[in-house]
Amino acid sequence: MLRREVNGEWHSMTVQVLFLPDEIAIAAEPGEPLLQVAQRAGVFIPTGCLMGSCHACEVELGDGTLICACISAVPADTTQLIIQLYGDSVW
Ligand code: FES
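Residues numbered from 1 in each chain as written. Predicted model: local features only at pLDDT ≥ 70, side-chain atom pairs only at ≥ 80, totals over all residues.

Q: Help me understand the overall build of the protein in this model?
A: Secondary structure summary: the protein contains 1 helix and 7 strands in total. Starting at the N terminus and walking to the C terminus, you meet the elements of the protein as β-β-β-β-α-β-β-β. Here the contacts in the protein between residues at least 6 apart in sequence split such that 45% fall between residues at least 24 apart. (Helix = DSSP H or I, 4+ residues; strand = E, 2+ residues; numbered from the N terminus. Contact = placed C-beta atoms within 7 Å.)

Q: What should I look at first to understand the sheet that holds strand β6 (residues 66-68) in this one?
A: Sheet strands associate in pairs through backbone hydrogen bonding, adopting either a parallel or an antiparallel arrangement. Sheet architecture is open: 5 strands sit in the order β4-β3-β7-β5-β6, paired in mixed fashion. For this open sheet the edge positions go to β4 (24-28) and β6, each flanked by a neighbour on one side alone. Taking each pair of neighbouring strands and ignoring which way they run, the sheet shows an average axis angle of 35°. In the sheet, strand β3 (residues 15-20) pairs with strand β7 (residues 80-84) via 5 bridges, with the strands oriented parallel. Residue pairing in the sheet places F19 in a bridge with I83 of β7. (Pairing = 2+ DSSP bridges. Axes fitted to C-alpha atoms, helices over the stretch in contact; angles between N-to-C directions.)

Q: Honestly, the pairing of β3 in this entry has me stumped. Any pointers?
A: Looking down a regular strand, the side chains alternate between one sheet face and the other. Because side chains alternate across β3, one face comprises the buried residues V15, V17 and F19, and the other comprises Q16, L18 and L20, none of which is buried. Here β3 runs beside β4; their pairing, made up of 5 bridges, is antiparallel. Bridging from a neighbouring strand, Q16 pairs with A27 of β4. In textbook terms, the turn of a hairpin is the stretch between consecutive antiparallel strands, and for β3 and β4 this stretch comprises 3 residues, one of which, E23, has a positive phi near 55°. (Buried ≥ 20, exposed ≤ 12 C-beta atoms within 10 Å, placed from the backbone.)

Structure follows, in structure tokens:
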């Protein structure tokens, strides 16, 4: 497993991403675009503008934070990322 140093500590270079509600898990690299991770996992996240304006791609993180997947990447300071998808039929 690849590791790297962040602030004097060694961290795994793999982040486990869990897409809910279907519980689809996949390994991702810090900095990898979320839409790319979702595509690799076979998870569909609707998109529109692809620049953070329309919120069609909005997902909820495990801590309740809402983010636009199109302008977000896998963070480097965690080993697990939980992403709650919405089933909004409007998009
Ligand atoms: S696709 Fe429009 S905000 Fe992400």
